[in-house]
Amino acid sequence: MNMQLRLAGILLLAAPTIVPAVAQGSGGEQYKAKCQMCHGASGLADSGAGKAMKVKPVTDPDVKKMSESQMIEAVRNGMGKMQPYKGKLSDAEIKGSVAYFRTFLK
């Protein structure tokens, strides 16, 4: 029993470092490769391409009110000047990239 309590304590202490690593691995790398050039490193669309294309930042009310499924559809089928990624990224890669982007909403 004492060993189980120690293990639980270790997991709780490690959780803050494990969770971001999981988010990074599941969508962060894809976001950096395909999205960051326009949407920026933290979703603020502050890159040269983002500014030139007038990409809305994550702080924009229109972006904030989008559901996860709406964002997935936007990535899959394109939106505005953004190209569609259907057929270029798997559904899991799209979902992971959107999940990573949504961490900027908080």
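Residues numbered from 1 in each chain as written. Predicted model: local features only at pLDDT ≥ 70, side-chain atom pairs only at ≥ 80, totals over all residues. Heavy atoms only, no water.

Student: Is there a simple way to think about the nonpolar core in this case?
Tutor: Nonpolar side chains in soluble globular proteins tend to end up buried together. If you look at the biggest cluster of nonpolar residues, it comprises 16 residues, and the most contacted ones within it are Tyr31, Met71, Val75, Ile94, Val98, Phe101 and Phe104. Excluding residues within four positions of it along the chain, Met71 makes contact with Val63, Met66, Val98, Phe101, Arg102 and Leu105. (Core = buried A, V, L, I, M, F, W, Y, C linked by side-chain atoms within 4.5 Å. Buried < 20%, exposed > 50% of the residue type's maximum accessible area, 1.4 Å probe, protein only. Contact = heavy atoms within 4.5 Å.)

Student: Looking at this model, I keep getting lost on the packing of aromatic side chains. Mind explaining?
Tutor: Each aromatic ring pair is characterised by the separation of its centres together with the angle its planes make. Scanning the entire structure with this criterion turns up five aromatic pairs. Summarising the aromatic geometry, the rings of Tyr31 and Tyr100 are spaced 5.3 Å apart at their centres and angled 50 degrees between planes, so their arrangement reads as tilted. Separated by 69 residues along the polypeptide, Tyr31 in helix H1 (residues 2-34) and Tyr100 in helix H6 (residues 91-102) bring together distant segments of the chain. Relative to Phe104, the ring of Tyr31 lies with its centre 5.6 Å away and its plane at 70 degrees, an arrangement referred to as edge-to-face. Highlighted residues: Tyr31 in helix H1 and Phe104 in the segment after H6, separated in sequence by 73 residues. (Phe/Tyr/Trp six-rings, centres within 6.5 Å; stacked < 30°, edge-to-face > 60°. Helix = DSSP H or I, 4+ residues; strand = E, 2+ residues; numbered from the N terminus.)

Student: Hey, could you run me through unusual backbone geometry in this one?
Tutor: Note: most peptide bonds trans; most residues except glycine with negative phi. Phi is positive for Ala45, which is not a glycine, with a value near 50 degrees. Locating Ala45 in the fold gives a position in the loop between helix H2 (36-39) and helix H3 (48-52). Since its relative accessible area comes to 6%, Ala45 is described here as buried. Despite not being glycine, Lys54 shows a phi value in the positive range, around 55 degrees. Tracing the sequence through the fold places Lys54 in the loop between H3 and helix H4 (61-64).

Student: Before we go on, may I ask you to explain the side chain of Ser47 in this structure?
Tutor: Relative to the elements of secondary structure, Ser47 occurs in the loop between H2 and H3. Given a relative accessible area of 18%, Ser47 falls into the buried group. Within the local environment of Ser47, its side chain forms a polar contact with the backbone oxygen of Met37, the two atoms lying 2.6 Å apart. Among the polar contacts made by the side chain of Ser47, one reaches the main-chain amide nitrogen of Gly50 at a distance of 3.0 Å. Ser47 has contacts with Gln36, Met37, Cys38 and Gly40, leaving out every residue within four places of it along the chain. (Polar contact = N/O pair within 3.5 Å; in protein donor to acceptor, adjacent residues only side chain to side chain.)

Student: What is the right way to look at the packing of helix H5 (residues 68-77) against H6 in this model?
Tutor: Geometry of a packed helix pair, given as the angle between the helix axes and the separation of the axes. Their axes nearest at 9 Å, the elements H5 and H6 cross at an angle of 125 degrees. Here H6 runs oblique to H5, going by the angle between their axes. Considering the relative orientation of H5 and H6, their crossing is right-handed. Between H5, through Glu68, Met71, Ile72, Val75 and Arg76, and H6, the contact on the second element is made entirely by Asp91, Ile94, Lys95, Val98, Phe101 and Arg102. The class makeup of the residues in the contact of H5 with H6 is six nonpolar, no polar and five charged. (Axes fitted to C-alpha atoms, helices over the stretch in contact; angles between N-to-C directions. Parallel < 35°, antiparallel > 145°, perpendicular 65-115°, else oblique. Left-handed = near helix turned anticlockwise from the far one by under 90°. Nonpolar A, V, L, I, M, F, W, Y, C, P; charged D, E, K, R; others polar.)

Student: How do you make sense of the confidence of the model for the protein when you look at a structure like this?
Tutor: Should pLDDT be low for a region, the predicted coordinates there are not to be read in detail. The predicted model of the protein has a mean per-residue pLDDT of 84, with 76% of residues at 70 or higher. Averaged over each element, pLDDT in the protein is lowest for H1 (59) and highest for H5 (98). Across residues 11-24 the pLDDT falls below 50, and counting only partners more than four positions away or on other chains, this stretch makes six contacts in the model. (pLDDT = per-residue confidence, 0-100.)

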